[in-house]
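# Observations on the model geometry
Residues per chain, in single letters:
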Amino acid sequence: MIYYKTDEEIELIRISSLLVGKTLAEVARHIRPGVTTEELDKVAETFIRDHGAVPGFKGYGGFPATLCISVNEVVVHGIPGKQALKDGDLVSVDCGVILNGFYGDSAYSFAVGEVTEEVRLLMDRTKESLYLGIKAAQPGKRTGDIGYEIQTYVESFGYSVVRDLVGHGLGRHLHEKPEVPNFGKRGAGTMLQPGLVICIEPMINLGRRQVVQERDGWTIRTADRRPSAHYEHAIAIREGKTEILSSFDEIEKVLESQKQTLN
Ligand code: MG
Ligand code: MG
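Just so you know, these numbers come straight off a predicted model, no measurement behind them. (Residues numbered from 1 in each chain as written. Chains lettered and ligands numbered in written order. Predicted model: local features only at pLDDT ≥ 70, side-chain atom pairs only at ≥ 80, totals over all residues. Heavy atoms only, no water.)

### A short note on the coordination of the magnesium ion (ligand 2)
Here is the rule we go by: Note: metal donors comprise N, O and S atoms at 2.8 Å or less from the metal (3.2 Å for Na, K and Ca); water molecules are not included, so apparent gaps in a site are possible. Numbering goes from the N terminus for both helices and strands, where a helix is a DSSP run of H or I of at least four residues and a strand is a run of E of at least two.
Only D105 (OD), H168 (NE2), E201 (OE) and E232 (OE) from the protein coordinate the magnesium ion (ligand 2), and they sit 2.1 to 2.3 Å from it. Considered as a linear motif, the donors of the magnesium ion (ligand 2) on their single chain read D-x62-H-x32-E-x30-E. Separating the magnesium ion (ligand 2) from the magnesium ion (ligand 1) is a distance of 3.1 Å, and D105 supplies a donor atom to each of them. Here E201 is found in the loop between β9 (197-200) and β10 (203-205), whereas its partner E232 is found in the loop between β13 (228-230) and β14 (233-238), with 31 residues between them in sequence.

What follows is the structure, given as structure tokens:
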């Protein structure tokens, strides 16, 4: 069953989702070669709790940490630990919070130092595919229209769309109906109606689409061990329009200021 949200509930999901964006910005300040993924996790947990919220992933299905940190060939659900980031790594950071009983959920992929041109393009195009998916998510359209746009765009560069993991509804639960695949057919799937809140989160592989799960029961990596990027926004379908509830603005302010410091 799909839970359609009231305007008030959508505002609460916006507040939670904006806190996720601010948390990812705080994490961005600490991303550099040498930092361990568990140090980044600690930064996020402290920031979330200092803002009166609770990490949304910690304990979810037994997940042990605040962030999913997925490096290079890891697609999603990487567990923070002793791994130190290196110059040239692509690191995808997924974060959830609970505040006022509602989840926020958003993800961003970062370059550690200088990444290759190939990886930079994968990141840029994966983010672009997210915005194309959002543009397709107009009231009256269907989830298949979102997936179609994302898939068509990224496959035009020879990338592939992960099939085993999909976007989802968001609200009092982290994963609600409907599923929001990043592939699909125009006009197929669930109709997007006012009150629907969903996360769109393309997971795009440089190589083949197949993924495998590591023995830790969480980490999902590409079968061919080539890199994968991941970006996620929470959006709300309203009367006659669609709104992005999460934001990358704070993250990109940090990235911009880091660029200026380097130059
Ligand atoms: Mg997420
Ligand atoms: Mg999600």
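### Concerning the coordination of the magnesium ion (ligand 1)
The condition that has to hold: For each residue, the accessible area found with a 1.4 Å probe, counting protein chains only, is set against the maximum for its type, and the residue is called buried under 20%, exposed over 50%, and partly exposed in between.
Around the magnesium ion (ligand 1), the donor atoms from the protein are D94 (OD), D94 (OD), D105 (OD) and E232 (OE), and they sit 2.0 to 2.6 Å away. Of note, the donors binding the magnesium ion (ligand 1) are all from one chain and are spaced D-x10-D-x126-E. The exposure class of D94 is buried, given its relative accessible area of 8%.

### Overview of the packing of aromatic side chains
The cut-off we apply is this: What counts as a ring pair is set by centres within 6.5 Å for rings of Phe, Tyr and Trp (its six-membered ring), and what kind of pair is set by the plane angle: stacked under 30 degrees, edge-to-face over 60, tilted for all other angles. Criterion for a charge above a ring: Lys NZ or Arg CZ within 6 Å of the ring centre, and within 35 degrees of the ring normal.
Per the stated rule, a full pass over the model turns up eight aromatic pairs. With a centroid separation of 5.0 Å and an interplanar angle of 80°, the aromatic rings of Y108 and Y231 are classed as edge-to-face. Separated by 123 residues along the polypeptide, Y108 in strand β5 (residues 102-111) and Y231 in the loop between β13 and β14 bring together distant segments of the chain. For the pair formed by Y108 and Y231, the shared burial category is buried. Between R163 and the ring centre of F183, over which it is positioned, the NZ or CZ distance is 4.7 Å.

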